[in-house]
Amino acid sequence: AAPTRVFAFRDVRWAPDPVLEPSAAVRSPQPVPLVIDNGSFQTRAGWACPDPSVPAEPLLRFRSLAARSRGARGGAGAETQVGNDLGSPEPLRWLLRSPFDRNVPVQLELQELLLDHVFQRLGVSSQGCVDHPIVLTEAVCNPLYSRQMMSELLFECYQVPKVSYGVDSLYSFYHNRRQNWPCSGLVISSGYQCTHILPVLEGRLDAKNCKRINLGGCQAAVYLQRLLQLKYPGHFAAITLSRMEEILHEHSYIAHDYIEELQKWRCPEYYENNVHKMQLPFSNKLLGSTVASEEKQEKRQQQLRRLQELNARRREEKLQLDQERLDRLLYVQELLEDGQMDQFHKALVELNMDSAEELQSYINKLSLSVEQTKQKILQSEVNIEVDVVDSKPETPDLDPLGSEQSLEDVESINEFEPLFAEEQPEVEKPVAAVQPVFNLAEYHQLFLGTERIRAPEIVFQPSLIGEDQAGIAETMQYVLERYSKEQQATLVQNVFLTGGNMMYPGLKARIQKELLEMRPFQSSFQVHLASSPILDAWYGARDWAVEYMSREEGWISRKDYEEKGGEYLKEHCASNVYVPIRLPKQAPRAAEAAGRASGTGNPGEQA
């Protein structure tokens, strides 16, 4: 028999990040760098300190999301939640905002919320500024405008002393470097929004030949959600993006040969042995199952009593208020009758009335309202007593006229007794629970067959979701063909895989298969997977920050920011290539005017 593969969704709720107390080694003898891996899926932050008392791992890990609620009507202001403080993203999916467009931060207001969360939870206690150097990751070939806004935020808002920018995948490559450095290699990085092919020659990024594929884990999750919603329209709302991400992380894999793998899934035996059944949460009670009629009747009577008590309480409160107002008005009327005109006129002004006739009109209205409220209270008490009396079982009066029944009448009644005896129990019989005709647990299961390989396959075949782009294999071949044969042989000796979207089982073997098909006969190549594809970017940034902590290389100081602008970048082994903005030089207006005057005065010289 095939093994039962039923998996329950974990639906993990995020625990709020605590406010950490930094170690004394973080600030002495000088403030150590703060490393922030600013990813479009997750933000990771921690200290780059060589002291062993400080953990050499990210202390904060949270989703790069923020949600701002509109606030309650009672006067409470809007509430902003960031990262793990959200608890679960699904109830707030329509409120979630990200500072990223693809993998480039463009919403700096939201980016500021993320940085505030990082500095607050890491316990940065400096007054009015952040006096730690910042190491921040950025996208490959990051637009100058994005870097300019980020530098402006860090230097102007947080007053940081210096900052360094680097590419996350190059930091991961730096962390997993071999014995000989600088080294060359072909870095394949696939994240939440994008996939990059980065050639590295002699330890430096060749930015001119970098390529990007606009596909990643986000598009795979959306594609898987569409597939399962079409397959199970009855569970449309239960098939959420968070659950699809869980399926991708724990139940998907990359096929070694996609077409061949699909042929295997057509075999019933292979399907039964490899299908994964995801159990959705459900309730054992069907819609048709109901409680007994007596319980229903009792619940209704309880609700009716609560409603009557609530109405009675409101009427009493209204009666008390009206009675107080009426007593006040009657007191003012007594002032008029006693001839105390000065106090009477002052009281009229306080009551915002103009004359004694208006006062009398209000007294009549309030008296009528008080009498009506008292009658309603008495009527409600009578109704409650009547309900209590009616709820008691009554003995039917068989002889209302007090006359004796004849023998014939008794016999005629006895003839109809069997009919009433049969019908009466059916009326009072409680509604029996509807027994399910099928297994409820199986009805709430998602069968994952070919979906396990179809969703992650989009990075190799973007046409599966209608994207007019090349996959990883074609892009890798296109990048390699831009180099000489010697450089190609050097690059393929170190094909490095990193990023959260590279953790599928079978992906390394698939890359080796694609390289085997595109490389010449009997040529060699090596494929390496990062030791921790998700966290190696932060570990590499920390390694770089510890090594270059006391150097000037790679650090942008506040003086550099003020002199050269926010888009300025100091290059290092894991950074982008700085391409300054070159604007065409314009001639001064005075020189232009002089040139025009001389040109009009002597046309012979102009010729």
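Before going into details, it helps to say that this report is about the structure given with it. Computed from a predicted model, the values in this text were never measured in an experiment.

Right, let's get into the overall build of the chain. The helix and strand inventory of the chain stands at 20 helices and 20 strands. Split into buried and exposed, the 607 residues of the chain put 40% on the buried side. For the chain, the proportion of contacts with a sequence separation of at least 24, taken over those separated by at least 6, is 71%. On the chain, roughly 35400 Å² of surface is accessible, and the fraction owed to carbon and sulfur atoms is 52%.

Right, let's get into the pattern of salt bridges. Pairing of side chains with opposite charge becomes possible as their charged atoms draw close. Inspection of every chain in the model, using the stated rule, returns 20 salt bridges. One salt bridge connects Arg63 with Glu245, and the closest N-O pair in it is separated by 3.5 Å. Residue Arg63 is found in strand β4 (residues 60–63), and its partner Glu245 is found in helix α5 (residues 241–251); the two are separated by 182 residues along the sequence. Measuring nitrogen to oxygen at the nearest pair gives 3.2 Å for the salt bridge that ties Arg204 to Glu571. With Arg204 in strand β14 (residues 204–205) and Glu571 in the loop between α18 (558–564) and α19 (589–601), this residue pair connects regions lying 367 residues apart in the sequence. Several salt bridges share partner residues, and in doing so they unite Arg10, Glu246 and Glu250 into one network.

Bringing the sheet that holds strand β2 (residues 34–38) into the picture now. Across the sheet, which stays open at both edges, the six strands sit in the order β4-β3-β2-β10-β11-β20 with mixed pairing between neighbours. Sheet topology places β4 and β20 (556–557) at the edges, where each strand pairs with a single neighbour. The sheet contact formed by β2 and strand β10 (residues 134–138) spans three bridges and is parallel. Note that in β10 the partner of Leu34 across the bridge is Ile134. Against the sheet, helix α2 (residues 144–157) touches β2, β10, β11 (162–167) and β20, its axis set at about 145 degrees to β11.

Looking now at the pairing of strand β13 (residues 195–201). With six of seven residues buried, β13 is to be regarded as a mostly interior element. As paired strands, strand β12 (residues 185–190) and β13 are joined by six bridges and run antiparallel to one another. Residue pairing for β13: Gly185 is matched across the bridge by Val200. Linkage of β12 to β13, two consecutive antiparallel strands, is achieved through a turn of four residues. Here β13 pairs with strand β15 (residues 211–213) via three bridges, running antiparallel. Counterpart to Thr195 in the pairing with β15 is Ile213. Note: β13 against β14, two bridges, orientation antiparallel. If you follow Leu201 over to β14, its bridge partner there is Arg204. Taking the residues that link successive antiparallel strands as the turn, the β13-β14 hairpin has two residues, and the phi of Glu202 there is positive, at about 55 degrees.

A separate point is the packing of aromatic side chains. The tally for this structure, following the rule as stated, stands at ten aromatic pairs. When the centroid spacing of 4.9 Å and the interplanar angle of 15 degrees are considered together, the rings of Trp544 and Tyr548 count as stacked. Each member of the pair, Trp544 as well as Tyr548, carries the same accessibility label: buried. Among the aromatic residues, those joined into a ring-pair cluster are Trp265, Tyr270 and Tyr271. We note Lys162 situated over the ring of Trp555; from NZ or CZ to the ring centre the distance is 4.8 Å. For Arg551, the ring lying beneath its charged end belongs to Tyr548, and the centroid distance is 4.5 Å.

Attention now moves to the nonpolar core. Of all hydrophobic cores here, the largest spans 43 residues; its most connected members are Ile188, Leu228, Ile472, Val495 and Ile511. Ranked by the residues each element gives to this core, the list is headed by helix α4 (residues 217–231), at six residues. Apart from the residues within four sequence positions on either side, Ile188 is in contact with His196, Ile197, Ile472, Met476, Val495, Phe496, Leu497, Thr498, Met502 and Ile511. Within the second largest apolar cluster, 37 residues are counted, among which are Trp47, Val54, Leu136 and Leu153.

What follows is about the side chain of Thr498. Along the chain, the position of Thr498 falls in strand β18 (residues 495–498). Look at Thr498 and you get buried, because its relative accessible area is 3%. What Thr498 contacts, discounting residues up to four positions off in sequence, is Ser169, Ser172, Val187, Ile188, Ser189, Ser190, Ala530 and Pro533.

What follows concerns the layout of surface pockets. Space inside the second largest pocket adds up to approximately 300 Å³. Around the second largest pocket, the lining comprises 18 residues; the ones closest to its centre are Leu65, Ser98, Tyr192, Gln193 and Cys218. When residues of the lining of the second largest pocket are traced back to their parent elements, those giving at least two are β7 (96–97), α4 and α5. When grouped by side-chain class, the residues that make up the lining of the second largest pocket number nine nonpolar, four polar and five charged. Counting contributing residues per domain, the lining of the second largest pocket is built from domain 1 (24–180 + 535–564) and domain 2 (217–282 + 444–529), each supplying no fewer than three.

Parameters at a glance
- Residues numbered from 1 in each chain as written.
- Predicted model: local features only at pLDDT ≥ 70, side-chain atom pairs only at ≥ 80, totals over all residues.
- Heavy atoms only, no water.
- Helix = DSSP H or I, 4+ residues; strand = E, 2+ residues; numbered from the N terminus.
- Buried < 20%, exposed > 50% of the residue type's maximum accessible area, 1.4 Å probe, protein only.
- Contact = heavy atoms within 4.5 Å.
- Areas by Shrake-Rupley, 256 points an atom, 1.4 Å probe, with all protein chains shown as cover.
- Salt bridge = Lys/Arg side-chain N within 4 Å of Asp/Glu carboxyl O.
- Pairing = 2+ DSSP bridges.
- Axes fitted to C-alpha atoms, helices over the stretch in contact; angles between N-to-C directions.
- Phe/Tyr/Trp six-rings, centres within 6.5 Å; stacked < 30°, edge-to-face > 60°.
- Lys NZ or Arg CZ within 6 Å of the ring centre and 35° of its normal.
- Core = buried A, V, L, I, M, F, W, Y, C linked by side-chain atoms within 4.5 Å.
- 1 Å grid on protein atoms, 1.4 Å probe; cavity = no way out; pocket = protein on both sides within 12 Å on 5 of 7 lines; lining within 4 Å.
- Points joined across faces, edges and corners; volume = space filled by probe spheres on them.
- Nonpolar A, V, L, I, M, F, W, Y, C, P; charged D, E, K, R; others polar.
- Domains from an automatic or database assignment.

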